[in-house]
Protein chains: 2
Amino acid sequence: MRLPRLTQAQAPLTREVEIVDELGERGLVSIPAERDLTVYVDRRELVTLMTLGAQPELLVLGYLLNQRLIESAADVDSITVDWEVGAAAVKTHTGIDRIEERTAKKVVTTGCGQGSVFGELMAGIDRLQLPGTRMTQAQLYSLVNAIRLQESTYKSAGSVHGCALFTLRDDGIEVQMQCFIEDVGRHNAIDTIAGWIAMQPPSQLAGGRVFYTTGRLTSEMVIKSAQMGVAIVVSRSGMTQMGHEVATRVGLCAIGRATNRRFVCYAGVDRLVLQPELAGARRAATA
Amino acid sequence: MRLPRLTQAQAPLTREVEIVDELGERGLVSIPAERDLTVYVDRRELVTLMTLGAQPELLVLGYLLNQRLIESAADVDSITVDWEVGAAAVKTHTGIDRIEERTAKKVVTTGCGQGSVFGELMAGIDRLQLPGTRMTQAQLYSLVNAIRLQESTYKSAGSVHGCALFTLRDDGIEVQMQCFIEDVGRHNAIDTIAGWIAMQPPSQLAGGRVFYTTGRLTSEMVIKSAQMGVAIVVSRSGMTQMGHEVATRVGLCAIGRATNRRFVCYAGVDRLVLQPELAGARRAATA
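Everything quoted here is computed from the prediction, not taken from an experiment.

1. Details of the overall build of chain A
Of regular secondary structure, chain A possesses nine helices and 16 strands. Here chain A, with 287 residues, has 52% of them falling under the buried criterion. For chain A, contacts bridging at least 24 residues in sequence account for 58% of all contacts bridging at least 6.

2. Details of the pairing of strand 2 (residues 14-21) of chain B
As paired elements, strand 15 (residues 262-267) of chain A and strand 2 of chain B share two bridges and run antiparallel to each other. Each residue of the ladder has a partner; that of A:Cys265, found in strand 2 of chain B, is B:Val20. Judged from the seven bridges that link them, strand 2 of chain B and strand 3 (residues 26-32) of chain B form a sheet pairing that is antiparallel. When the sheet's bridge partners are listed, B:Glu16 is paired in strand 3 of chain B with B:Ser30. Counting the residues that bridge the hairpin from strand 2 of chain B to strand 3 of chain B gives four residues, and of these B:Gly24 lies at a positive phi of roughly 80°.

3. Quick look at the sheet that holds strand 15 of chain A
The mixed open sheet is built from eight strands, whose spatial order is 11(A)-10(A)-12(A)-13(A)-14(A)-15(A)-2(B)-3(B). Strands at the two margins of the open sheet, each flanked by one partner only, are strand 11 (175-183) of chain A together with strand 3 of chain B. In this sheet, neighbouring strand axes are inclined to one another by 30° on average, regardless of whether the strands run parallel or antiparallel. Bridge count for strand 14 (residues 253-259) of chain A against strand 15 of chain A is four bridges, and the pairing is antiparallel. When the bridges of strand 15 of chain A are listed, A:Thr259 appears paired with A:Arg262. The sheet contacts of helix 4 (residues 137-149) of chain A involve strand 10 (161-168), strand 11, strand 12 (209-213), strand 13 (232-235), strand 14 and strand 15 of chain A, and relative to strand 11 of chain A the element is tilted by about 40°. Across the sheet, helix 8 (residues 241-250) of chain A lies against strand 14 and strand 15 of chain A together with strand 2 and strand 3 of chain B, angled at about 65° from strand 15 of chain A, the strand it touches most.

4. Looking at the domain arrangement of chain A
Residues and elements named next belong to chain A. Domain parsing of chain A yields domain 1 (5-123) and domain 2 (135-286). Counting from both sides, the interface comprises 29 residues of domain 1 and, opposite them, 29 residues of domain 2. Of all the elements in the fold, those that place two or more residues in the side of domain 1 that touches domain 2 are strand 3 (26-32), strand 5 (44-51), helix 1 (56-66) and helix 3 (118-124). The biggest single contributor to the side of domain 1 that touches domain 2 is helix 1, with seven residues. A per-class count over the side of domain 1 that touches domain 2 returns 16 nonpolar, 12 polar and one charged.

5. Observations regarding unusual backbone geometry
Residues and elements named next belong to chain B. The backbone phi angle of Asp42 is positive, close to 50°, even though this residue is not glycine. For Asp42, the position within the fold is in the loop between strand 4 (35-41) and strand 5 (44-51). Positive phi is not limited to glycine here, since Arg68 has a value of about 60°. Relative to the helices and strands, Arg68 resides in the loop between helix 1 (56-66) and strand 6 (76-82).

6. A look at the sheet that holds strand 12 (residues 209-213) of chain B
Across a sheet, paired strands are connected by hydrogen bonds in the backbone, their directions being either parallel or antiparallel. Taken in spatial order, the eight strands make up an open sheet running 3(A)-2(A)-15(B)-14(B)-13(B)-12(B)-10(B)-11(B), and their pairing is mixed. Every other strand in the sheet has two partners, leaving strand 3 of chain A together with strand 11 (175-183) of chain B as the edge strands with one partner each. Going across the sheet, the axis of each strand differs from the next one's by a mean of 30°, ignoring polarity. Each of strand 10 (161-168), strand 11, strand 12, strand 13 (232-235), strand 14 (253-259) and strand 15 (262-267) of chain B is contacted by helix 4 (residues 137-149) of chain B, which is oriented at about 40° to strand 11 of chain B, the strand it contacts most.

7. Remarks on the packing of helix 7 (residues 219-227) of chain B against helix 8 (residues 241-250) of chain B
Relative orientation and spacing of two packed helices are given, respectively, by the angle between their axes and the distance between those axes. All names here are of chain B. Interhelical geometry of helix 7 versus helix 8 gives an angle of 30° and a closest axis separation of 7 Å. Considered as vectors, helix 7 and helix 8 are oriented roughly parallel to each other. For the pair formed by helix 7 and helix 8, the contact residues are Ser219, Met221, Val222, Ile223 and Ala226 on the first element and Met242, Gly243, Val246, Ala247 and Val250 on the second. Tallied by class, residues from the contact of helix 7 with helix 8 come to eight nonpolar, two polar and no charged.

8. Some thoughts on the environment of B:Gly172
The residue B:Gly172 is located in the loop between strand 10 and strand 11 in this model. If near-sequence neighbours (up to four positions away) are discounted, B:Gly172 is found in contact with B:Thr136, B:Ala138 and B:Gln139.

9. Focus: the environment of A:Val85
Structurally, A:Val85 is set in the loop between strand 6 (76-82) and strand 7 (87-92). Separated by 49 residues in sequence, A:Val85 and A:Asp36 have C-alpha atoms that sit 9.4 Å apart.

Rules behind the numbers
- Residues numbered from 1 in each chain as written.
- Chains lettered and ligands numbered in written order.
- Predicted model: local features only at pLDDT ≥ 70, side-chain atom pairs only at ≥ 80, totals over all residues.
- Helix = DSSP H or I, 4+ residues; strand = E, 2+ residues; numbered from the N terminus.
- Buried ≥ 20, exposed ≤ 12 C-beta atoms within 10 Å, placed from the backbone.
- Contact = placed C-beta atoms within 7 Å.
- Pairing = 2+ DSSP bridges.
- Axes fitted to C-alpha atoms, helices over the stretch in contact; angles between N-to-C directions.
- Domains from an automatic or database assignment.
- Nonpolar A, V, L, I, M, F, W, Y, C, P; charged D, E, K, R; others polar.
- Parallel < 35°, antiparallel > 145°, perpendicular 65-115°, else oblique.

The following block contains the structure:
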């Protein structure tokens with residue numbers, strides 16, 4: 001498979017601004033960057049994304065994939081991002097069929113706004129076949145710990161959402177963080193991960209995939225995860241009703257409120273190998 | 001001014017689902033509802049909003065206002081929401097001019113997706129005249145405390161964003177909470193507040209207005225606040241770069257990280273009457 005050529009546009013991810021605190025003292029704090037990136041597909045303007053700007057080429061690729069405007073990365077010849085003008089130029093091999101029509105329907109989704117094909121997404125979920133991934137509670141704890149240790153824009157500037165893709169090791173204990181992406185919009189973050197996956201050789205992602213997000217598990221997050229072949233999603237936050245309905249319908253394991261040793265499994269608990277003794281061990285250790 | 005007739009459609013805001021926790025124990029937790037509401041304006045489909053469903057009529061009214069599709073509530077004859085079919089039927093007095101064209105441009109904004117006219121919003125901000133609102137640090141603390149005491153879906157089910165509109169009392173100490181709105185999407189929450197404002201007699205909102213949100217202060221939140229005649233915004237969360245740029249440009253006071261006695265004023269500190277002795281008093285009290 002011929003992969004698209006991508007630029008590696010760079011831009012600062014944080015910016016220092018002067019603040020005044022409750023003691024009346026001036027100081028400097030970092031805030032996350034937020035820039036507009038207008039996507040042109042074969043010279044036609046498609047959409048403007050507001051993004052942190054960490055991995056704009058992968059964001060654009062993943063956006064096109066998750067919006068089902070392209071079938072695979074191989075449909076794209078190149079993605080050229082130029083921050084000077086805030087533009088991403090996508091060149092496809094053979095164009096995108098019926099692009100006008102397919103980008104017309106607008107749905108404002110819960111968390112973020114990339115829901116323009118939400119109706120079509122929902123219509124497609126019953127066709128999704130998820131892999132038989134199972135994860136142990138030990139692996140869940142390994143994942144949560146890896147997130148805790150991860151250096152991030154969130155730690156330095158706050159106000160961004162983080163996502164990560166993990167694969168499960170055969171030992172039933174450890175996980176491997178494959179990529180970690182942050183963005184001001186969490187749907188950008190998951191789209192960037194989709195773009196990242198599309199650029200990897202399949203061997204890179206052998207073993208079960210687990211998706212982590214700092215954001216809530218909304219229907220859109222669940223659907224996008226399932227589309228990426230991910231059968232287990234983990235969140236620091238909670239879950240909405242439609243996220244729950246979709247997860248139940250597609251047989252996806254949804255774990256929320258995951259911090260330290262605590263978690264809540266909202267759906268698909270059969271994919272989780274419970275090891276309650278590990279939770280107990282922590283409680284004894286910290287008592 | 002003749003106000004629109006609104007239904008008062010009701011729907012449950014939370015739902016109990018069965019979960020399994022880290023000890024392997026089954027239990028029930030509440031999660032927020034999330035339902036789709038398709039908006040029809042004069043029988044033409046406009047958009048589908050994903051919402052908690054607490055105040056759908058005000059949400060639709062505020063959405064139309066914040067998207068600048070209507071000038072004022074008086075443009076609308078009625079809004080009829082029917083949860084059985086997930087539809088909001090808007091009847092205007094004289095139609096919406098060029099509605100096709102004005103809803104065509106799509107921008108995916110940071111936090112959420114109501115950015116279809118974001119470009120136009122940005123273009124209009126230099127024309128905004130904000131009132132000369134100033135708030136004391138005591139009033140800020142009064143506001144944060146009112147939010148702390150507020151009963152909410154967030155407390156019972158998590159995973160929703162809350163917004164509130166306050167007015168400042170003349171005593172320079174207290175604030176009055178005018179309305180408190182929660183939704184699964186924070187932009188829905190602020191739109192609902194815009195709808196609420198549009199239905200009030202002007203006398204209800206005498207005194208400076210202050211907007212509170214649990215979400216981040218993005219450019220869109222800042223712009224929408226300014227459009228509602230709000231010159232001071234307060235958030236429990238932080239601020240993004242474009243939010244900061246817009247706030248600075250329009251002279252809006254942006255306060256983030258507001259919990260207990262702590263806060264960070266990112267912009268427009270001249271609107272804040274600093275009383276650092278109040279922050280110190282807390283520290284002594286809790287020491």
